[in-house]
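# Summary of structural features
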Amino acid sequence: MAEDTLRFIVDSNVGKLAKWLRMLGYDAVFFDGEDDAYMIDRALKEGRVILTRDTQVMKRGVITSGRLKAILIDSDQPEPQVRQVIDTLHIDSQSRLFTVCLECNNPLEERSKEEVEQRVPPYVFQTQQQYMECPVCHRIYWRGTHWQAMVQKLERLTKQHR
Ligand SMILES: [Zn+2]
């Protein structure tokens, strides 16, 4: 499976993975419904990998036959969960960072400094050169302290294992 086509559907029992995967630059939708059949149906239609802790889901014929890819997540802690997905699918955890909106899962677009001047705090405008905007929810992203903290956390996660 080519890495740039990887897309995910994240079961509610591993819900925190959705934001991590978006941060890594992958399309990840959250499934909070009751009916697993709906999740499986959507995964098939949209070519998404299922991430779940539900062993019943893994027993479905469509998954045991290999027609649909699903990963049974071992840990109940978010960080080992992220590491398992990165390792299992050999995800490059650096090159696509922050290209997807963390809130609504849409691809971000680059914005010039001038375009965001009236929309970010003055101290941000003075110190940051690169900006991205979500064309849907219009949230603006920049490489501030939150970003750096997330990147460092990710580096720790991926280094522990290599
Ligand atoms: Zn958005």
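Since the structure is predicted, the reported quantities are computational estimates derived from the model, not experimental observations. (Residues numbered from 1 in each chain as written. Predicted model: local features only at pLDDT ≥ 70, side-chain atom pairs only at ≥ 80, totals over all residues. Heavy atoms only, no water.)

## A closer look at the coordination of the zinc ion
Coordination sphere of the zinc ion, protein contribution only: Cys101 (SG), Cys104 (SG), Cys134 (SG) and Cys137 (SG), at 2.2 to 2.3 Å. Of note is the zinc ion, whose four donor atoms meet at the metal with angles of 100 to 122° in an arrangement that counts as tetrahedral. Sequence spacing of the donor residues for the zinc ion, all on one chain, is C-x2-C-x29-C-x2-C. Taken together, the residues Cys104 in the loop between α5 (78-89) and β5 (109-111) and Cys137 in the loop between β6 (131-133) and β7 (140-142) connect sequence positions 33 residues apart. For Cys104, a relative accessible area of 26% corresponds to the partly exposed category. (Donors = N, O, S within 2.8 Å, 3.2 Å for Na, K, Ca; no water. Tetrahedral: all angles 85-135°; square planar, octahedral: opposite > 155°, others 65-115°. Helix = DSSP H or I, 4+ residues; strand = E, 2+ residues; numbered from the N terminus. Buried < 20%, exposed > 50% of the residue type's maximum accessible area, 1.4 Å probe, protein only.)

## Quick notes on the environment of Leu157
Tracing the sequence through the fold places Leu157 in helix α8 (residues 145-159). We classify Leu157 as buried; its relative accessible area is 1%. Between the C-alpha atom of Leu157 and that of Arg83, which follows or precedes it by 74 residues, the distance is 6.3 Å. Among residues more than four places away in sequence, those in contact with Leu157 are Trp20, Glu79, Val82 and Arg83. (Contact = heavy atoms within 4.5 Å.)

## Description of the environment of Asp41
Turning to its location among the elements, Asp41 is positioned in helix α2 (residues 36-46). Taking the C-alpha atoms as reference, Asp41 lies 9.9 Å from Leu68; in sequence the two are 27 residues apart.

## Details of the environment of Tyr38
With respect to the helices and strands, Tyr38 occurs in helix α2. Tyr38 gets classed as partly exposed once you look at its relative accessible area, which sits at 47%.

## Considerations on the packing of α5 against α8
At a closest axis distance of 10 Å, the pairing of α5 and α8 adopts a crossing angle of 65°. The two elements α5 and α8 meet at a crossing, and its hand is right-handed. Across the interface between the two elements, Glu79, Val82, Arg83 and Ile86 of α5 pack against Lys153, Leu154, Leu157 and Thr158 of α8. When the residues that make up the contact of α5 with α8 are grouped by side-chain class, the tally is four nonpolar, one polar and three charged. (Axes fitted to C-alpha atoms, helices over the stretch in contact; angles between N-to-C directions. Left-handed = near helix turned anticlockwise from the far one by under 90°. Nonpolar A, V, L, I, M, F, W, Y, C, P; charged D, E, K, R; others polar.)

## Here's the deal with the pattern of salt bridges
Evaluated as defined, the whole model comprises eleven salt bridges. For Arg48, the salt bridge is made with Asp27, and the minimal N-O distance between the two is 2.7 Å. Taken together, the residues Arg48 in the loop between α2 and β3 (49-52) and Asp27 in strand β2 (residues 27-31) connect sequence positions 21 residues apart. The pair Arg48 / Asp27 is uniform in exposure class, with both members buried. Put simply, Glu79 and Lys153 hold a salt bridge, and the shortest N to O gap is 3.4 Å. Placement of the pair is Glu79 in helix α5 and Lys153 in helix α8, with a sequence separation of 74 residues. Looking at Lys153, the relative accessible area reads 29%, which means it is partly exposed. Residues joined by salt bridges that share partners form a network here, namely Arg7, Asp27, Arg42, Glu46 and Arg48. (Salt bridge = Lys/Arg side-chain N within 4 Å of Asp/Glu carboxyl O.)

Such coordinate-based values are descriptive only and should not be taken to indicate function.
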